[in-house]
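Residue-level listing of the chains:
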Amino acid sequence: MKESKRIQKLKEKKVNHKLGIIVPYRDREQQLKRFLSHMKDYIKDIDYEIFIIEQADDKPFNRGKLLNAGYKYALDKGCDYFVFHDVDMLPEDVDYSYSDKPLHLATHLQEHDYETTFFDYFGGVTMFTKEDFKTINGFSNDYWGWGHEDKDLSNRAEHYKCKIERKIKYEDKDKGEYLKIFEDNHVREDCGKWGLAYGVWDKVAKEEQERYIENNGLSTLNYTIVSEEKLMDNVKKITVEI
């Protein structure tokens, strides 16, 4: 009896692809413990590794730069698709299997009663293939402090016509439901670049957008690995100076 296309597709996902879950991190020990415990129980039947990318210095937190560093590290470990994952997002009904299109996974948050609040929101948890992430030159390295690097990322994807799929809930299919945990006392210092990501981008000529992307991202990334620590069988923490 011939296997259904669905079964064949599932086997291909399990056999041929390796997921790298990249988590930017600093000073959230309790959240990290809860996140790792949850993910260990949640993800099944997928070949994956989790890479905790810890910022070692006391500069303002740079989520985008840490995720770029994590991408490069995970790529060297054989991963061919990547989920960029905040440590305070716990999946409740989410599909982490391979997609050949960029996905926004964190579309329905418990804190908002699982309703889509911001339709242009592209933060929290996103998925890319290695090819698409390389095409858009990764995240910007210039967002020091909280916010707006996710909008910059969606601008890059739009510029290169990498269509973003959103796991919108419809008749209990393709949910992207997350529980957000609040156990930190961090004061989030805004990066102050709202205008670049939102207000200015659409007014800039395509050629100028292209130059900005090409000269700010994976191609210009500099970082130093301070230490590497195995936390669990498929979890490693990499501490970096950026």
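What this report covers is the structure whose coordinates are included nearby.

Turning to the overall build of the chain, a few remarks are in order. Per the secondary structure count, the chain includes 7 helices and 11 strands. Going through the 242 residues of the chain one by one, you find that 49% of them count as buried. Relative to all contacts within the chain whose residues are 6 or more apart in sequence, the contacts with residues 24 or more apart total 77%. Accessible surface, the chain as shown: approximately 12900 Å² in total, 47% of it carbon and sulfur.

Our focus in this paragraph is the environment of D80. Along the chain, D80 falls in the loop between α3 (63-76) and β3 (81-85). Here D80 falls in the buried class, since its relative accessible area comes to 15%. In sequence terms D80 and G20 are 60 residues apart; their C-alpha atoms lie 7.5 Å from each other. Among all residues touching D80, those that are not within four sequence positions of it are N16, H17, K18, T129 and K130. Within polar-contact distance, the side chain of D80 engages the side chain of H17 at 2.7 Å.

Now for the nonpolar core. Membership of the largest hydrophobic core comes to 26 residues, with the highest contact counts inside it found for I22, F51, I53, F84 and F133. Those elements that provide at least two residues to this core are β2 (48-55), α3, β3, α5 (149-159) and β11 (235-241). With 6 residues, α3 is the largest single contributor of residues to this core. Discounting chain neighbours no more than four positions away, the residues touching F133 are N68, Y71, F84, F128, G138, F139, L153 and L218.

Another aspect to go through is unusual backbone geometry. Even without glycine at this site, D27 takes up a positive phi of about 60°. Even without a glycine there, the phi angle at N137 is positive, about 65°. With respect to the element layout, N137 can be found in the loop between α4 (130-135) and α5.

On to helix α7 (residues 206-214), then. Every buried residue belonging to α7 is among Q209, Y212 and I213, and all of these are buried. Along the axis of α7, the buried positions cluster into a sector of 95°, meaning they face one direction only.

Along the polypeptide, F35 turns up in helix α2 (residues 29-42). F35 sits in the buried class, given a relative accessible area of 0%. Along the sequence, F35 and D86 sit 51 residues apart, while their C-alpha atoms lie 9.4 Å from each other.

Let's shift gears to the pairing of strand β10 (residues 224-232). Judged from the 7 bridges that link them, β10 and β11 form a sheet pairing that is antiparallel. Each bridged residue has a counterpart across the sheet, and for I225 the counterpart in β11 is V240. Here β10 folds back onto β11 in antiparallel fashion, the turn holding 2 residues.

It is worth spelling out α2 at this point. One turn of the α-helix equals 3.6 residues, which is why residues spaced by three or four share an orientation. In this model, α2 (14 residues) spans 20 Å end to end at C-alpha, consistent with the 20 Å of a helix rising 1.5 Å per residue. Turning to α2, its buried residues are Q31, L32, F35, L36 and M39. Buried positions in α2, seen along its axis, are confined to an arc of 125° and lie on one side of it. Along α2, the residues that are exposed and aim more than 90 degrees away from the buried face are K40 and D41. Contacts from the buried residues of α2 go to β1 (19-25), β2, β3, β4 (89-93), β10 and β11.

Another aspect to go through is the packing of aromatic side chains. Within this structure, the stated rule accounts for 11 aromatic pairs. Aromatic pair F84 and F139: ring centres 5.6 Å apart, planes at 85°, arrangement edge-to-face. Residue F84 is located in strand β3, and its partner F139 is located in the loop between α4 and α5; the two are separated by 55 residues in the primary sequence. Aromatic rings pair up to connect Y71, F82, F84, F128, F133 and F139 into one cluster.

Here is what the cut-offs are and how they apply
Residues numbered from 1 in each chain as written. Predicted model: local features only at pLDDT ≥ 70, side-chain atom pairs only at ≥ 80, totals over all residues. Heavy atoms only, no water. Helix = DSSP H or I, 4+ residues; strand = E, 2+ residues; numbered from the N terminus. Buried < 20%, exposed > 50% of the residue type's maximum accessible area, 1.4 Å probe, protein only. Contact = heavy atoms within 4.5 Å. Areas by Shrake-Rupley, 256 points an atom, 1.4 Å probe, with all protein chains shown as cover. Polar contact = N/O pair within 3.5 Å; in protein donor to acceptor, adjacent residues only side chain to side chain. Core = buried A, V, L, I, M, F, W, Y, C linked by side-chain atoms within 4.5 Å. Arc of directions from axis to C-beta. Pairing = 2+ DSSP bridges. Expected span 1.5 Å × (residues − 1). Phe/Tyr/Trp six-rings, centres within 6.5 Å; stacked < 30°, edge-to-face > 60°.

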